[in-house]
Amino acid sequence: MRLWALAVSTVLLAATALASDGPRALAGPPVVTDAAPDVPMAEHAENVASYTLRAKLDPVAHTVHGGGTITWRNASSKPVSELWMHLYLNAFKNQSSVFMRAPIGGFRGNRIPTDWGSIDLKKLVLVDGEKRDDLLGGVELKRPGDEDETDARIPLPREVEPGEQITLEVEWVDKLPTIVERTGYDGSFHMVGQWFPKIAKLEADGTFAHFPFHHLGEFYSDFGTYDVTIDVPDGFIVGATGPVVETKRESGRLVQRHVQSDIHDFAWTAWDKFQVRKETILGVDVTVLAPPGYDDHVERELETMRFALPHFGARYGKYPYPVLTLVHPPASASEAGGMEYPTLITTGQPSWLPRGLWFVETVTIHEFGHQYFYGLAASNEDAWPFLDEGLNSYAENEAMRAWKGPGSGLDFAGLAIGDVEAQSERARHFGHDEKIAQGAGTFATGSAYGALVYSRAAALLETIARAYGKEKMDRALGVYMRKFRFKHPTPKDLIATIRDEIGPGAAENLHAGLLEKGWVDYAITQTSSHPSRSAAGMFDRDGKRETISPDKTLNPNRYDGYVLVVRRGTLRFPVEIELVSTDGSRSRVKWDGQTESYRIPYSGSSALRAAVVDPDERILLDQHPENDFATAPGHPTAGAPRVLERGMFWAATLLGGLTP
Amino acid sequence: MTEPRDDTPAAGEEAQPATATATATASSTEPETGAPSTRDDRDHADDDTLRALEPDEIRARRRPRAILFVWAWELACAFLIATPIHSWAKSVWGAHPDGDAVLFRPGGHALLSWLGDDGPALGIVFRTTLIALAVFGVLGQIITGALVASLATGLGKRGRPPSMTLSLRAGIRAFFPLLSVGVLAGALEGSILGIGLAVSSSTDHALQASLGDARAFTARLAVLALFAGVALIVGIIADLARVAVARDIALAGDRPAPMLRSMRDGLVAAASTTRRAIGRATLAWGWRTVLSLALIWIGARAGDIAGGRGGGALWLLFVVHQLVILARAGLRASWLANALRLVGR
Ligand SMILES: [Zn+2]
């Protein structure tokens, strides 16, 4: 039997066997209870920046001709004399943009476009009653010594008072790039994101949170209503933010109008090869757009949404929009996948991926989770990317585990790996060289950004949940997401909510873990066990002097000893220590973890054999799980007979494959 | 297990190759008629005469000790190959009161932490295991040679199994020729697969625009499967050559033909068998392979069910796994016996 034939057939066999769900996968609808039913939640966002736009796609030249009006209100407490406008397609204009020149690898978007992209403003007029001021000439695209054109400053002819609303008329031309990161084209497939001139978010103190499109950075905007009319050649299928309110077919064109309020961005896609599937889940019209031949993935994505909509709704508040569109890009445009926009997410993964490797489900749940952390909370993703990606990664882990059980990352060929376990291994592996809570532009590498913002933040939250109680964490995040819906929360808001709902210990750990590079390593450094002896020597008792010699002090069938547990690092989680006796009995001792070490005395009818700190694997951030236990000197260790047995079986199997 | 009856060429249909007459012992073999009435006569013949068995005498089930020997060899090798990973697991997790059971916990917290370790252990264990596997795989040619010798030859009229020492000696003599056949076949199979990978990849790219990437990928798999099928046939032909080579070397005794000649003869015999009976050979190899894979799957599932259990459950798993290995050794012997019958004399 040939080895490779064997390997291929085994994988195929395993795939077939697992095709009908892994044995550990939990079937059926989830049990959902509202995490914070008593906390009121805003029904609508404050309308600050609203866009009424039209967009005409030329799928051959890969251009979009756009135009329309922007109404913008000064929602701050100070008068404003300039606007900042993000022109993010210019990130792909040349290699001098902040995006392209960042010497950072290890995340996404590391290719150079084979066709550059840009956005050119053609018209910018301030409409002030009867008066019209042309602002185009005053647009400051770049700063001195910097070629980046993604962050434009627009001086205004007069100050806009707090509460005052202005209207801008705009026209522009997009040249879409080949897809480098999230947006662009691949053949006739077009994913159109960051495509219109967009006013930067104005903070309450009157300053604009404006920033160039950074390689690792995402976005931050004010809420408003988007009314966008998309015009594509007939035969193209369009997916976009918000529901379709009007469809027309005229002179070989398809014209679709989408309107949605309470959102802060708008993206769309157009392709002549999309297969469309629709389903209403919990009152939400879910549309899946996928390439031909992806029927199984489409079904898997819908299955995910049937789980995720009620699950996230109960945890973080009801999904407030009437529609959700899932876009599965073709394989050649996979870089467009794995991204979130209001009511539109892009998924991905290769067509052949079998069930059991839950990556289709994970990416779908992750991007849907962003509807909450990016979409509804809308924190500053440039200043605090973890508030979106970290919280959302925790929510993804939590949901995947609730849905698929312990094999929530993969449940394949007998291996059950959890999504959260994989995430926390990545967090431990990367360590704690940098802060989690820092701006997207200040991470040293893309891997640091990925490992800290996503994995370490998620593992920190999961550790807090396991150490203090998952119900408390469910409640805390439920409160946070309801209280700060449409409110752009900051790390302070998160930590305060954790303090109120879980307690000061959890809040301190969260603070240290996020802002002070906090870490922890519990270890058992000593174990000792010996037959119990009473004291020898001379004793004056009842008026008589009694001498007890050392060979008469043995207490039959009693053993004494101790265990020394240490806590290294700056995080202080409460833990349990399990003591195992030679008769097989086990007992547990609690330790609040506040001091640096803890000596646990042992006394029992049999000798102490071994001890384990954190026996239930609650402290996922524990830097070295392999020093969390020890066997007392003089006792045989349990060894690794299972690895030997499995190793021998697979070695013999492989060896058999090498001979005829 | 039952053997297909119709794939045995009738004895005497073919001329005996020259090498087959040069038997290990000098004493001449009495001519056989193949008629049932002569069977009793065999009992009284000289029992120390090693002879080539007639095709209808070549049966794996007549060589249980040889199959047990193959299993014992694999058990010993498996222990040595598994030693590096076992030592590593034991040194890291052995002191846990549950031992390496923590590595089998659902979720994989300890497993990931172990395998994700930054230290040099993983690389060292991986390389050592791979080298051990390669070394024992190469040495396994001797065992294959011995198994074929045991299957193809017999003592006396009844064709009693030759001694293990005799078979092993034949296996050692067959080592280089068998290794060479293996290397040649491996190179050929590798090239076919390499070409298959290239052709299937360009098929995929050519069809992506018209069919979409999902269907183009299915086409890629189909093309690759075609090449894999051809490579499998090459493997089967190589097995035919192997058994011919090993049998002839066993029969040549202490005066083996030069290596190149015995290889050439083996390849010629394999070629003629291919022309005559490649369909039957493929079928015979195929069902045994399917059964063998099913056994591996059972072994894997058993391991999955056992999880991190120790004690009696672990011993039971060990027994199940070893039964799988033993049954697979039996299936391999059965295939080699079948190949010997197909190659004929
Ligand atoms: Zn994300």
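This one's a predicted model, so the numbers in the text were calculated from it and none came from an experiment. (Residues numbered from 1 in each chain as written. Chains lettered and ligands numbered in written order. Predicted model: local features only at pLDDT ≥ 70, side-chain atom pairs only at ≥ 80, totals over all residues. Heavy atoms only, no water.)

## Remarks on the overall build of chain B
A count of helical and extended segments in chain B gives 10 helices and two strands. Helices and strands in chain B line up, N terminus first, as α-α-β-α-α-α-β-α-α-α-α-α. By residue count, 49% of the 345 residues in chain B fall in the buried class. Considering only contacts in chain B between residues 6 or more positions apart, those separated by 24 or more positions represent 82%. Entry remark: accessible area of chain B is about 15700 Å², with carbon and sulfur atoms responsible for 69%. (Helix = DSSP H or I, 4+ residues; strand = E, 2+ residues; numbered from the N terminus. Buried < 20%, exposed > 50% of the residue type's maximum accessible area, 1.4 Å probe, protein only. Contact = heavy atoms within 4.5 Å. Areas by Shrake-Rupley, 256 points an atom, 1.4 Å probe, with all protein chains shown as cover.)

## Remarks on the overall build of chain A
From N to C terminus, chain A includes 11 helices and 33 strands. Its C-alpha atoms give chain A principal-axis dimensions of about 115 × 70 × 50 Å. If you average the places of the 68 positive and of the 88 negative side-chain charges in chain A, the two averages end up 4 Å apart. (Lys, Arg positive; Asp, Glu negative; His and termini not counted. Charge placed at Lys NZ, Arg CZ, Asp CG, Glu CD.)

## A short note on the domain arrangement of chain A
For chain A, the assigned domains read domain 1 (48-218) and domain 2 (520-620). Centre-to-centre separation of domain 1 of chain A and domain 2 of chain A, based on C-alpha positions: 66 Å. (Domains from an automatic or database assignment.)

## Structural notes on the packing of aromatic side chains
All names here are of chain A. Applying the stated criterion across every chain yields a total of 41 aromatic pairs over all chains. Arranged with centres 6.0 Å apart and planes meeting at 70°, the rings of Phe196 and Tyr226 form a pair that is edge-to-face. Of this pair, Phe196 sits in the loop between strand E9 (189-192) and strand E10 (198-199) while Tyr226 sits in strand E13 (residues 224-233); the two residues are 30 residues apart in sequence, bridging distant segments of the chain. Accessibility expressed as a relative area gives 4% for Phe196, which makes it buried. Judged by centre distance (5.5 Å) and plane angle (80°), the rings of Tyr319 and Tyr321 are edge-to-face. The buried category is assigned to Tyr319, whose relative accessible area is 3%. Taken together, the ring pairs connect Tyr51, Trp172, Trp195, Phe196, Tyr226, Phe266 and Trp268 into an aromatic cluster. The ring of Trp358 has Lys404 sitting right over it, with the charged end atom 3.9 Å from the ring centre. (Phe/Tyr/Trp six-rings, centres within 6.5 Å; stacked < 30°, edge-to-face > 60°. Lys NZ or Arg CZ within 6 Å of the ring centre and 35° of its normal.)

## Here we look at the interface of chain B and chain A
In this complex, chain B contributes 79 residues to the contact, which on the side of chain A involves 69 residues. Between chain B and chain A, a total of about 6400 Å² is buried, with carbon and sulfur atoms accounting for 67% of that surface. Together, Pro97, His109 and Asp213 of chain B form the three largest contributors to the area buried by chain B at its contact with chain A, with a combined 11%. Counting every contact that joins chain B to chain A gives three salt bridges. The partner of Asp98 of chain B in a salt bridge is Arg586 of chain A, and the shortest N-O contact between them spans 2.6 Å. One can count 21 residue pairs in polar contact (both at pLDDT 80 or more) joining chain B with chain A. Every element with two or more residues in the side of chain B that touches chain A is listed here: helix H3 (64-93), helix H4 (109-115), helix H5 (121-152), helix H7 (175-211), helix H8 (213-252), helix H9 (259-306) and helix H10 (311-343) of chain B. (Buried area = accessible area lost by both parts, 1.4 Å probe. Salt bridge = Lys/Arg side-chain N within 4 Å of Asp/Glu carboxyl O. Polar contact = N/O pair within 3.5 Å; in protein donor to acceptor, adjacent residues only side chain to side chain.)

## A look at the sheet that holds strand E8 (residues 184-186) of chain A
As a general point, the strands of a sheet are linked pairwise by backbone hydrogen bonds and lie either parallel or antiparallel. All names here are of chain A. Read from one edge to the other, the open sheet built from four strands follows the order E8-E9-E17-E14, with strand pairing classed as antiparallel. The two strands at the open ends of the sheet, each matched to only one other strand, are E8 and strand E14 (237-240). Adjacent strand axes in the sheet meet at a mean angle of 10° when their direction is disregarded. Summarising the sheet, E14 and strand E17 (residues 268-271) pair through four bridges and their orientation is antiparallel. What sits directly across from Ile237, in E17, is Trp271. (Pairing = 2+ DSSP bridges. Axes fitted to C-alpha atoms, helices over the stretch in contact; angles between N-to-C directions.)

## Thoughts on the coordination of the zinc ion
Bound to the zinc ion are the protein donor atoms His366 of chain A (NE2), His370 of chain A (NE2), Glu389 of chain A (OE) and Glu389 of chain A (OE), situated 2.0 to 2.7 Å from the metal. One way to put it: the four donor atoms around the zinc ion meet at angles of 53 to 155°, and that makes the site irregular. (Donors = N, O, S within 2.8 Å, 3.2 Å for Na, K, Ca; no water. Tetrahedral: all angles 85-135°; square planar, octahedral: opposite > 155°, others 65-115°.)

## Focus on the side chain of Ser113 of chain B
Mapped onto the elements, Ser113 of chain B comes out in helix H4. Excluding anything up to four places from it in sequence, Ser113 of chain B contacts Glu425, Arg428, Pro625 and Glu626 of chain A.

## Quick notes on the pairing of E9 of chain A
Consecutive side chains of a regular strand alternate in pointing toward one face of the sheet and then the other. Residues and elements named next belong to chain A. Side-chain alternation along E9 places Phe189 and Met191 on one buried face and His190 and Val192 on a second face that is also buried. Examined bridge by bridge, E8 and E9 share three bridges and lie antiparallel to one another. Bridge pairing in E9 places Gly184 opposite Met191. Where E8 hands over to E9, the hairpin turn is made up of two residues, of which Gly187 adopts a positive phi near 65°. Note: E9 against E17, three bridges, orientation antiparallel. Each residue of the ladder has a partner; that of Val192, found in E17, is Trp268.

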